[in-house]
Amino acid sequence: MFLNSIKQFSTIVQNHVNVNHILSQSVKSIQVRNYAARKGTRDRKAKKKVKAEVVKVGFVPHNQRNKLKLLAQREPLKFDDSWKRNPTDDVYVAKYYKWVVYPFAEAVKCHQETHSPEMYNKPNANLHVTIELNMQGEKKTRFVDNFTSVVKVPYNFDHGEERTIVVFSKNPDEQNEAITAGATLSGGSDLIKQIQNGDVSLQDFQYCIAHPNILPELVQLRGLMKKKFPNPKMGTLDVNLGKVVDKFLNGVKYQAVKDDYEKEFGCIKTVIGSLDMDIKHLEENFSVLINDVNSMKPRRPGTFIDRCILWSPPSQEVLKVDHAVFLKELNSKGSQNVFEKQEDYDKEEEEEKGERVAL
Amino acid sequence: MASQAIKTLGLFKKPGIFDKGVGALLPEAYKKFYKEWKLTEPTAVHFIPEQGSFKRDDVTGEVHPIQNIPLPVLYPKEHNFHLWGGEGIIQGFQVRGKKKRRVPHFWVPNLRRSVVYSEVLDKHISVIVTERTINLIQEHFGFDHYLLKTPACDLKSILALGLKRKILQDLQNGCPSYVNKPDKQKEIHDRYRNYLSAYTPDEINWYGYSFAQACRMVQEDINKKEEEAIVPLKHVFRAQLIDQLKAADLEIEENSKYGEPKAGSWLNKINPFGKKHET
Amino acid sequence: MWKSIIKPLNIVNKAFLSPTENVVHQQLRTTYVLKRKTPPRLHKKNSDPKPLRSRHYVYELVKNEELEKKANINVILTTYVEGLGNKGEKVSVKPKYAYQDLLLPGLAVYESPENVEKYKDFMTNPMSDVEAHSSPTAMLTVRSLSGIMLSVVMNKDTHWSLKPWHIKVSFRKCGYIVPEHAIIMPEQEIKGPNMDLENREFFVTVKINNKETVPVRCRIHHWSTEVKDRIPYASEFWKEKVEPIFDEHSSVLNSIPHKAELKK
């Protein structure tokens, strides 16, 4: 009896011990949970302990060190003469007063005077235009990306550039049309095969224009073409090939580049004609160019084009022109011209963007 | 004594600087100037006095009188040679943070050397001034106008008051600086003539001196008079002798009317002081 | 430190001619304006103010006038001042400039009511004793133009005869806006291309606002479109002293200050 009771006791004790043991184990695991760090503590600590990567910078010559400091001391590129006085006399020293804003015709006439046979004797000099832009985007920290485009000008002139264009079309008539318009090379599926073989190199050509009918075959060359691949936004994918070739061959090509440091300042430098052209023609050219540039304006208050300057080498004279007269009213983003631009994207997203087709 | 008590209505008036010594001898003109200089309340320069007579406390709603007790301002002796325009040095404490201990601070006006032009004296004067002085001159449309319009209690420095006195004296004498240009002289005189009506000539002569300077002037006056009063005795005696001799001469003349001395008396022939000696 | 001030029953009024207190209250114009942090105790009406303790000397700065922007003051000019105006004109300028450069030297007077009356006539009869200039900036332009040496670049191969528009274009290239009607050419005609004219001077008269005239020294430079035909560039050619084209001009040309002398 006693023994039994002892046994029982021991079993009880044992059981108890066992339970304890079990309990202790469970307690241990519970203990582990109880004493552990709260969820996320370890992550937070690890995050805090971000190791600073030692970046090895090689030798930087003294005039390239502290570039930011040097750039901060640089004069702002954006032109501002609003603080200057307005001229009161008829004869005055130009640098103390606001710049004279010439109407376009007068500015051209001034340049024609300097280039007349009696003075510089270069009446056929190119008329250059510099358009300064305010690249501020819709938000203060966002800026308009650099863009480049070719504009169809009503009055063609010799721009002195070599423009090589390759045209793809299934229809031989269209191919001929392209050649007569001035394309360098024109062809269909056989041309595509030649390119794939390597007989013809795409690097030789600046622009690639195609008719939509050949598009499925052209897709094979997509990798080779990359940015040059025809798309309706740029205007390179079009039905009327002759018109497009003419535009890219004779049109005014311009590129808007914003400064690396002063990001809200952008600049376009192009030629819009020559001084021996009719002033009215030059005006029309200028007007088309201005409106084309203005179509890239972001939706925000304020002007996009800050000022337009006409200059013509070999003269170093620079004349500010009133461009506001030529600007036409923009009707938000729905204008046709928007689709003919090429924005310099890093990723190749043209195909997706091509949803907005306005043909 | 009793009469004094009646005058002061029983109050014991502490003897001031004008009650003893040389101060008591100062003329009324100077006392008037002194009153204007030291005993009138100057315009508030370093603090903004509250307007009105009574104010209701925001919290308790009690009505208190407004008593604008001015900030004590120090005027070092250097300021007498400059034109500070009523500004001075304020000695006090700054508390630069809520929990911080107060820190002694001297608020000193910014002094700079500039030029000041007086039309009446026709002189450009180089002085050390403050911005306030220049502003006041511009406000009053001229240095002379500024000096003549501001009371002595606002001008404070001896230089300013001395210049004011000089200007007033010149105006009294008809602008002697423009003796060669009679037109200009008349113009300037007419422009500032009205300021003279506030002073008598005596007051102008006593205007702008410090108390010590005024006392010195009075003392010098007294000394001069005393000196003039002292005569050396020999002068007195000499004068007396001359009077006596004059009186004696008259007697001799009177006497000579009655008789003549004997002619050829051997006594008359002797000349005891003669140089020729027969012996 | 504290002296009791006996407030007289009647403040002497004769000595104070005009109340300046009001003006001073509105605009203190002091370097430092302070305020007590702890107001002193109120005292009874007829007794002296209570003595001040240290706590009453704790001040805080209300404003520092020297740090604030100063408003312009109006002055009336007594002579022609370049860049400002003619005699008699009312001008609003910065107070420091007005005091140091206009009032003290006597070029202007304060705009007090008496002065306004006095100089009222100057505006209506500007030509009293001194000729009024056409504009404040006219003399500045005159001074600027008298010092320059204008290069008139003409062609080496084509025939030309010097006309006002050539001069106008040359001025425009140098940064001077001179309309054709303001240019008075020399009486003798200058024709070219003529290598005798190269490196020889003549002068042209410029009339500003139809009034002020200034002779401007000019020099013809022959320029060729082809680079190989061009005359080599002479550095600092404007410092050289050269002969005039027409001897009659020499007297006028000598009167114009020469750049070589100016540079000294």
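Residues numbered from 1 in each chain as written. Chains lettered and ligands numbered in written order. Predicted model: local features only at pLDDT ≥ 70, side-chain atom pairs only at ≥ 80, totals over all residues.

(A) Layout of the overall build of chain A. Of regular secondary structure, chain A possesses eleven helices and twelve strands. Within chain A, the proportion of its 359 residues that are buried is 25%. Residue pairs in contact within chain A that sit at least 24 positions apart in sequence constitute 71% of those at least 6 positions apart. (Helix = DSSP H or I, 4+ residues; strand = E, 2+ residues; numbered from the N terminus. Buried ≥ 20, exposed ≤ 12 C-beta atoms within 10 Å, placed from the backbone. Contact = placed C-beta atoms within 7 Å.)

(B) How the structure looks around the interface of chain C and chain A. Residue-level contacts link 27 residues of chain C with 18 residues of chain A. If you list the elements that add at least two residues to the side of chain C that touches chain A, you get α5 (138-146), β6 (149-155), α6 (164-174), β8 (176-177) and β11 (201-208) of chain C. For the side of chain C that touches chain A, the element with the most residues is α6(C), which contributes five residues. For the side of chain C that touches chain A, the per-class residue count stands at 14 nonpolar, ten polar and three charged. Pairing between strand β1 (residues 92-93) of chain A and β8(C): two bridges, direction antiparallel. Note that in β8(C) the partner of A:Tyr92 across the bridge is C:Ile177. (Nonpolar A, V, L, I, M, F, W, Y, C, P; charged D, E, K, R; others polar. Pairing = 2+ DSSP bridges.)

(C) Representation of helix α3 (residues 131-139) of chain B within the structure. Counting buried positions over the nine residues of α3(B) gives seven, a clear majority of the element. Buried residues of α3(B): B:Glu131, B:Arg132, B:Thr133, B:Ile134, B:Asn135, B:Leu136 and B:Ile137, and no others. Turning to α3(B), the residues buried within the fold contact β6 (111-118), β7 (123-130) and α4 (143-149) of chain B together with α2 (95-103) of chain C. One or two positions beyond α3(B), positive phi appears at B:Phe141, with a value near 60°.

(D) The arrangement of the sheet that holds strand β4 (residues 89-94) of chain B in detail. Residue and element names in this part refer to chain B. The strand order across the open sheet built from three strands is β3-β4-β5, with neighbouring strands paired in antiparallel fashion. Across the chains shown, the open sheet's two edge strands, defined by having one partner strand only, are β3 (73-74) and β5 (103-107). Relative to β4, β3 runs antiparallel, the two being bridged by two bridges. Within the sheet, the bridge partner assigned to Leu74 lies in β4 and is Ile89.

(E) Up close: the UniProt feature "domain: Ribosomal protein L9" (unreviewed entry) in chain C. Under the present numbering, the feature "domain: Ribosomal protein L9" (unreviewed entry) in UniProt falls on residues 74-119 of chain C. This span, residues 74-119 of chain C, is 33% helix and 24% strand, and a straight line between its end C-alpha atoms measures 14 Å. (UniProt positions renumbered as here; feature names shortened; annotations may be inferred.)

(F) Expanded view of unusual backbone geometry. A:Pro314 follows A:Pro313 through a cis peptide bond whose omega is 5°. You can see A:Pro314 is positioned in the loop between β10 (305-311) and β11 (318-321). Of note in this structure, A:Lys226 is not a glycine but carries a positive phi near 55°. Take A:Lys226: it is sitting in the loop between α8 (222-225) and α9 (241-250). Positioned with a positive phi, B:Phe141 is a non-glycine residue whose angle comes to about 60°. With respect to the helices and strands, the residue B:Phe141 is situated in the loop between α3 and α4.

(G) Structural view of the environment of A:Lys84. Residues and elements named next belong to chain A. With respect to the helices, strands and loops of the structure, Lys84 is situated in the loop between α3 (67-73) and β1. The spacing of Lys84 and Tyr97 is 13 residues in sequence and 5.4 Å in space, taken between C-alpha atoms. Aside from chain neighbours lying at most four places away, what touches Lys84 is Tyr97 and Lys98.

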